[in-house]
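A structural walkthrough
Letter by letter, the chains look like this.
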Amino acid sequence: MDIAFVIVNAVTVAAIYGLIAIAVSITWSSLGLINLAYGFIFSFAGYAAWLMAGRMPTNPYLIAGTGIIAGGIAGIIVCLLVFIPLHDKPAFTSRGMIATLAISLIGSQLFLMIFGPTSKSLPDLFGRWKVKLFDITLTADKIGIVVCSIAMLIGVVLWMRSSRRGLEIRAMMMNPHAASIVGIGIRRTGLYVMGLTGAMAGLASVLLSQTYYIAPFSGLTPLIKGVSIALCGGLGSVQGAVIAAILLGLVEALTNKFLGGQYVLMTQFLFIILVLVVRPRGISGLVDIAREQ
Amino acid sequence: MTEVLKIEGLSAGYGPLRVIHDLDLVIHPGERVGIVGLNGHGKTTLFYAIAGLTGWQRGSIVLNGKQIGRTRSQGPGRYTHQIVRQGLAIMPQGDEIFQGLTVEEHLDSGAFTPEAWRTRKERKERVLGIFAPLRKLMKTPVGRLSGGERRMVSIGRGLMTDAKLYLADEPTLGLAPKIGIAVMEALLAIDLKDSAMFIAEQNVALLEGKVDRIIGMHAGKLKGEASSSFRLSGSH
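Residues numbered from 1 in each chain as written. Chains lettered and ligands numbered in written order. Predicted model: local features only at pLDDT ≥ 70, side-chain atom pairs only at ≥ 80, totals over all residues.

Considering the overall build of chain B
Check the secondary structure of chain B and you find eight helices and ten strands. Rg of the C-alpha trace for chain B: 17 Å, near the compact-globule value of 18 Å for 236 residues, within the 12% margin. Per-residue burial for chain B yields a buried fraction of 42% across its 236 residues. Pairs at least 24 apart in sequence give 68% of the contacts found in chain B among residues at least 6 apart. (Helix = DSSP H or I, 4+ residues; strand = E, 2+ residues; numbered from the N terminus. Rg over C-alpha atoms; globule rule 2.2 N^0.38 Å. Buried ≥ 20, exposed ≤ 12 C-beta atoms within 10 Å, placed from the backbone. Contact = placed C-beta atoms within 7 Å.)

Here it is, written out as structure tokens:
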């Protein structure tokens, strides 16, 4: 156990939770919905990938692809159940939170009924090779997780920057009222956003299953960490979420090394509280341009 | 030829508050109509009612032969994007803009029909022909522009599609007089063809003699109408 190993672990953890945090952040800023249903989306994608792995255990692309697509479908289901009926009703923010949390909890129980309490595991998607870089041994799964997350993130950012749908989503993130004035349909954009963020959570689920198991309640920890990273980074900011994910990954890895795994949540939340005391809007205030007047 | 806009018996407001009272209005193709009135007498609410953005509304609004008015009790903005796609270009009051988007992205966001999106390059050129100062600022986030430049972006965005009806809500509000006059002149110089423009303004002097009709608005009702030969008494 040396400092390099700690950093490698931190980056891996940051990559997975960062994906969810960015998904939470994009959903909040474009739709005004704090989506707590990622626990459900996470398990849904995990089980779908597991079912596919049962049929095609040797094709990693197919397994990962199934997870991503299943995540997108789960995101659209949540959108149809929560966002479309509720978005123009009074107190949407709190109602949306309660409804999505309910979906997460009901979903977990459903998975428990259908698949039973035994955890499932996915085959190694990235093989079992190792690379020695200077003095650090990098295993295939760690490299694969980081590369896949970064590729997904870059893909999402490029799509948001270049495509017309991305322009609509960004417009809605900045000013929903003005967005409807220029003919952007809020419900249709909601479907795109939640499909996209669901797919990000789906990828995170497949990647995390390289380290942990898929279980009915396995989505809860990533949900809590994703939401808290998004809060810490400043809801609505992609850059803030990336920075917060790296910092919290570092806190997790350092706590694991010096204090022991049982203290991880404690130190993480202490760190988040500390950040929010100093910067109530989260880290993003440092980097976002032209955010407020 | 059908009217661009025909409003009959429109009432609208927010919650218990009724701002517009049984209002009738017709706007013909090619017409430029000014509406004047004090703050709080319903000019913006009338525009919002046309766009479906008020808290509630009832009465008939026909845009280009299609009924867009509904009796609604809640959900402001629920149908706005559909109404906009029927051919309504809204140049809203104040800064209804996207702070972090660049001027170019902003203009692109106005080109929401597939046809406008395909020809957006030419359309942007046309907007730059009207508002030349924007050319240097195409890559600048809108949040960093001055008030006058923002208003130009907001109006330019409305010009990116082939709308039937342009709604310009107080285009000179909060601008320095010189810039306000320039913005108004640009609006008045736009070739309408068979579409129409509806301009709300408090400064009557900016409109007199330059629009086809001026309508007064008071306490949620239309009061009096003057033709293009209208001159403000005592103005020089």
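Focus: the packing of helix α3 (residues 60-86) of chain A against helix α4 (residues 92-115) of chain A
Residues and elements named next belong to chain A. In the contact formed by α3 and α4, the axes pass within 10 Å of each other and the chain directions differ by 160°. One finds that α3 runs roughly antiparallel with respect to α4. Handedness of the α3/α4 crossing: right-handed. Of the residues in α4, those touching α3 at V78, L81, V82 and L86 are F92, R95, G96, A99, T100 and I103. When grouped by side-chain class, the residues that make up the contact of α3 with α4 number seven nonpolar, two polar and one charged. (Axes fitted to C-alpha atoms, helices over the stretch in contact; angles between N-to-C directions. Parallel < 35°, antiparallel > 145°, perpendicular 65-115°, else oblique. Left-handed = near helix turned anticlockwise from the far one by under 90°. Nonpolar A, V, L, I, M, F, W, Y, C, P; charged D, E, K, R; others polar.)

Considering unusual backbone geometry
Negative phi values dominate among residues other than glycine, just as trans dominates among peptide bonds. With a phi angle near 55°, A91 of chain A is a residue other than glycine that sits in the positive phi range. In this structure, A91 of chain A sits in the loop between α3 and α4. On the basis of neighbour count, A91 of chain A is assigned to the exposed category, with 9 C-beta atoms found within 10 Å. Backbone geometry at D22 of chain B places phi at a positive 40°, although glycine is not the residue there. With respect to the helices and strands, D22 of chain B occurs in strand β2 (residues 17-27). With 13 C-beta atoms packed within 10 Å, D22 of chain B lands in the partly exposed category.

Some remarks on the interface of chain A and chain B
Counting residues at the interface gives 18 residues for chain A, matched by 27 residues for chain B. For the side of chain A that touches chain B, the secondary-structure elements that each account for two or more residues are α6 (164-174) and α7 (176-181) of chain A. In terms of residues, the side of chain A that touches chain B owes the most to one element, α6 of chain A, which gives five residues. Of the residues belonging to the side of chain A that touches chain B, the class tally is nine nonpolar, five polar and four charged.

Thoughts on the sheet that holds strand β9 (residues 213-218) of chain B
Residue and element names in this part refer to chain B. The six strands lie next to each other as β6-β7-β8-β3-β9-β10, forming an open sheet whose pairing is mixed. Each of the sheet's edge strands pairs with one partner strand only, and the pair in question is β6 (88-91) and β10 (221-227). Taking each pair of neighbouring strands and ignoring which way they run, the sheet shows an average axis angle of 20°. Bridge count between strand β7 (residues 165-169) and strand β8 (residues 196-201): five bridges; the pairing is parallel. Across the sheet, the residue bridging to Y166 is M197, located in β8. The sheet strands contacting helix α1 (residues 43-51) are β3 (32-36), β6, β7, β8 and β9, and the helix crosses β7 at an angle near 145°. (Pairing = 2+ DSSP bridges.)

Looking at the nonpolar core
One recurring pattern in soluble globular proteins: nonpolar side chains tend to sit buried together. M200 of chain A together with L88 of chain B are the most contacted members of the largest nonpolar core, which has 154 residues in total. Counting residues per element, this core draws most heavily on helix α1 (residues 3-31) of chain A, at 16 residues. In this structure M200 of chain A touches L19, I22, A23, M152 and V156 of chain A, once residues within four positions along its chain are discounted. (Core = buried A, V, L, I, M, F, W, Y, C linked by C-beta atoms within 7 Å.)

Some details on the sheet that holds strand β4 (residues 56-63) of chain B
Residues and elements named next belong to chain B. Spatial strand order, β2-β1-β4-β5: four strands in an open sheet with antiparallel pairing. Looking at strand neighbours, the two that pair on one side only are β2 and β5 (66-67), the edges of this open sheet. Both strand β1 (residues 5-14) and β4 contribute to a ladder of seven bridges, which runs antiparallel. In the sheet register, S11 faces β4, and the bridge partner there is R58.

A closer look at the packing of α1 of chain A against helix α5 (residues 140-162) of chain A
All names here are of chain A. In the contact formed by α1 and α5, the axes pass within 9 Å of each other and the chain directions differ by 35°. The element α1 and its partner α5 pack so that their crossing is left-handed. Side by side, α1 and α5 meet where V8, V11, T12, A15, I16, G18, L19 and I22 of the first sit next to K142, I145, V146, S149, M152 and L153 of the second.

Structural notes on the pairing of β8 of chain B
Within a regular strand, the side chains alternate between the two sheet faces. Residues and elements named next belong to chain B. For β8, a buried count of six out of six residues is recorded, marking the element as mostly surrounded by other parts of the structure. Residues of β8 alternate between two faces, with A196, F198 and A200 on one and M197, I199 and E201 on the opposite face, all of them buried. Where β3 lies against β8, five bridges are found, and the strand directions are parallel. Paired with G34 across the strands is I199, a residue of β8. Between the parallel pair β7 and β8, the chain is carried across by helix α7 (residues 177-189), and the sense of this crossover is right-handed. (Right-handed = clockwise from strand over helix to strand, strands pointing away.)

Some thoughts on the environment of N64 of chain B
Residues and elements named next belong to chain B. On the secondary structure map, N64 appears in the loop between β4 and β5. Classification of N64 as buried rests on a count of 20 C-beta atoms within 10 Å. Taking the C-alpha atoms as reference points, N64 and G156, separated by 92 residues in sequence, lie 22 Å from one another. When neighbours within four sequence positions are excluded, N64 is seen to be in contact with T2, V4, Q86, G87 and K164.

Side note on α6 of chain A
Where burial is concerned, most of α6 of chain A is hidden: eight out of the eleven residues are buried. Of the surrounding elements, those touching the buried residues of α6 of chain A are α1, α5, α7 and α8 (186-208) of chain A together with α3 (103-110) of chain B.

Any functional reading would require information that these geometric values do not contain.
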